Amino acid sequence: QVYKGLDIITNKVSPQEQRLCRHHMISFVDPLVSNYTVVDFRDKAMALISYIFSRDKIPIVVGGTNYYIESLLWKVLINTKKASTAPSPVTDRKVELEQLDGAELHRRLSQVDPEMAAKLHPHDKRKVARSLQVFEETGIPHSEILHQQQEEEGGGPLGGPLKYPHSCILWLHAEQAALDQRLEKRVDEMLAAGLLEELRDFHRRYNQEKVAENQQDYQHGIFQSIGFKEFHEYLISEGKCSPETSALLLQKGIQALKQVTKRYARRQNKWVRNRFLRRPGPNVPPVYGLEVSDLLRWEEDVLQPALQIVESFIQGREPPAEPVKLECDMNENKRSHHMCELCDRVIIGDREWAGRT
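Sequence order sets the numbering: in each chain, residues are counted from 1 along the sequence as written. With the structure being a predicted model, the display of local features is reserved for residues of pLDDT at least 70 and the display and counting of side-chain atom pairs for 80 or more, all residues being used for whole-chain, interface and lining totals. Side-chain numbers here rest on the full set of heavy atoms in the structure, without hydrogens or water.

Things to note about the packing of aromatic side chains
Classification of ring pairs rests on two measures: the distance between centres of Phe, Tyr or Trp rings, Trp counted by its six-membered ring, which must be within 6.5 Å, and the angle between planes, read as stacked under 30 degrees, edge-to-face over 60 and tilted in between. Enumeration over the complete set of coordinates arrives at 8 aromatic pairs. Here Phe 53 and Tyr 164 contribute two aromatic rings whose centre-to-centre distance is 6.3 Å and whose plane-to-plane angle is 45°, an arrangement assigned as tilted. Taken together, the residues Phe 53 in helix H2 (residues 38–54) and Tyr 164 in the loop between helix H8 (142–151) and strand E4 (169–173) connect sequence positions 111 residues apart. Taking the centre distance of 5.9 Å and the plane angle of 35° together, the rings of Trp 74 and Phe 276 count as tilted. For helices the rule is a DSSP run of H or I covering at least 4 residues; for strands it is a run of E covering at least 2, with both sets numbered from the N terminus onward.

Some details on helix H5 (residues 102–112)
Under the scheme applied here, a residue whose accessible area is under 20% of the maximum for its type counts as buried, over 50% as exposed, and between as partly exposed, the area being computed with a 1.4 Å probe on protein chains only. Inspection of H5 places Gly 102, Leu 105, His 106 and Leu 109 among the buried residues, and these make up the whole buried set. Seen from one end, H5 has its buried residues packed into an arc of 95°, which puts them on one side. Seen from the open side of H5, the exposed residues pointing more than 90 degrees away from its buried face are Ala 103 and Gln 111. Here a polar contact is taken to be a pair of N or O atoms separated by no more than 3.5 Å, where protein atoms must pair a possible hydrogen donor with a possible acceptor and residues adjacent in sequence count only if both atoms sit in side chains. At the N-terminal end of H5, a side-chain oxygen is found 3.0 Å from the backbone nitrogen of Ala 103, two or three residues along, and the residue is Asp 101. The directions considered for the arc run from the helix axis to the C-beta atoms.

Let's talk about the packing of H5 against helix H7 (residues 125–138)
Only the stretch in contact is used when a helix axis is fitted, and all axes are lines through C-alpha atoms; the angle between N-to-C directions ranges over 0 to 180 degrees. For the pair H5 and H7, the least separation of the axes is 10 Å and the interaxial angle reads 40°. Put simply, H5 runs oblique to H7. Along this stretch, H5 crosses H7, giving a crossing that reads as left-handed. Only Lys 125, Val 128, Ala 129, Ser 131, Leu 132 and Phe 135 of H7 make contact with H5, whose side of the interface consists of Gly 102, Leu 105, His 106, Arg 108, Leu 109 and Val 112. Each residue gets one of three labels, nonpolar for Ala, Val, Leu, Ile, Met, Phe, Trp, Tyr, Cys and Pro, charged for Asp, Glu, Lys and Arg, and polar for the others, Gly among them. Residues of the contact of H5 with H7, tallied by class, amount to 7 nonpolar, 3 polar and 2 charged. For classification purposes, angles smaller than 35 degrees are called roughly parallel, those larger than 145 roughly antiparallel, those between 65 and 115 roughly perpendicular, and all remaining angles oblique. Helix crossings get a hand from a simple test, with the near helix turned counterclockwise from the far one by less than a right angle marking a left-handed crossing and a clockwise turn marking a right-handed one. Here, two residues are considered to be in contact whenever any of their heavy atoms come within 4.5 Å of each other.

Let's talk about the confidence of the model for the protein
Every residue gets a pLDDT, meaning the predictor's confidence in that residue, from 0 to 100. Of the residues in the protein, 77% reach a pLDDT of 70 or more, and the chain-wide mean stands at 81. pLDDT under 50 marks residues 83–90. Its contacts with residues more than four places away, or in other chains, come to 2 contacts. Low pLDDT, under 50, characterises residues 353–357; the predicted model gives this stretch 6 contacts beyond four residues in sequence or across chains.

A few points about the side chain of Ser 246
Its location among the elements puts Ser 246 in helix H12 (residues 243–277). Setting aside chain neighbours within four positions, we find Ser 246 in contact with Tyr 234 and Cys 241.

With respect to the environment of Val 272
By secondary structure assignment, the location of Val 272 is in helix H12. When its relative accessible area of 5% is taken as the criterion, Val 272 is described as buried. Aside from chain neighbours lying at most four places away, what touches Val 272 is Asn 66, Trp 171 and Leu 277.

Considering the pattern of salt bridges
In what follows, salt bridge is the name for a side-chain nitrogen of Lys or Arg lying within 4 Å of a carboxyl oxygen of Asp or Glu. With the rule as written, the count across this model stands at 18 salt bridges. Of the charged contacts in the structure, one is a salt bridge between Arg 107 and Glu 104, with a shortest N-O distance of 2.8 Å. With a gap of 3 residues between them, Arg 107 and Glu 104 both fall in helix H5, about one helical turn apart. Classification of Glu 104 as partly exposed rests on a relative accessible area of 24%. With its nearest N and O atoms 2.7 Å apart, the salt bridge here joins Glu 233 to Lys 252. Note that Glu 233 is positioned in helix H11 (residues 232–237) and Lys 252 in helix H12, a separation of 19 residues in sequence.

Details of the packing of helix H9 (residues 176–192) against H12
Viewed as axis vectors pointing N to C, H9 and H12 meet at an angle of 135°, and their least axial separation amounts to 10 Å. In this view, H9 runs oblique relative to H12, as classed from their interaxial angle. Considering how the two elements wind past one another, H9 and H12 form a crossing that is right-handed. Along the contact surface, H9 presents Gln 176, Leu 179, Asp 180, Leu 183, Glu 184, Val 187, Asp 188 and Leu 191, while H12 presents Ile 254, Leu 257, Lys 258, Thr 261, Lys 262, Ala 265, Arg 266 and Asn 269. Residue composition of the contact of H9 with H12, by class: 7 nonpolar, 3 polar and 6 charged.

Shown next, in the form of structure tokens:
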């Protein structure tokens, strides 16, 4: 009954959950597509959300990657990709730019968009390349487009207006010790369910030739996903070294996977606090925290409160639970640019700079 009337947009789901209600956007991008972006995700997901609403159902977006969820909540992205009917992959200008030296990229951005260059760290090639791509493909500085979004009715300091005014965020969080233990167990269960064989098969079909040509790329496409690069040494040496060495490399990969998984979970929670809870301005949906440290209390601590919150939103009344609130500094600039003469480093963000001075 919990799933009745719901449509879920997610990339993480078990077969049992799929049988309970309709899920979308699972296994729909070819593994070798490397130029699928958050803009592509946003466009497809928003079309699905409109379709789900047209059927008088409720779309539930499940993360995952909070940056992608942000793209659905706020008007924050800029679409520069041109439509193409060509059968061959379209060259991504951002990927081309990322091949250049970081200092050269930052110098180019400083010439066409000094405001954006001042906000971005010179070593952050991805963001610098993206800002350059925006200027090259629109003819408008990236910073100017962002200002236009923020100045729209309903916009705020960090982005444009909220796309769905009656949305809410359910944040499942746990004590760090309980979360770490659960994540380690999850990795063990993935290995028991056949993760290594899946990685071997994928390596044989898609990555072996690139490794031989020294062209493997763990920065773009599916290969940047957690689980690939952690087992790189094991996969390329399997069958070419002693069983003892292979076993050591396997254990090294397993421990690396556990560490990076726990690190990613910490980043996700930090993102929720900094981007959703401390986000300044009126265009922020309420965030309701649900404690999941004790799975034996799932019904009382998670399921029932979540159902009450969603039901209240559907009926247009105040939920019985209070949203999580953190203080935010309306004047804080998270992308300010500071040069530390003592350590010869560029520091980005007022809070980071204040902690060093």
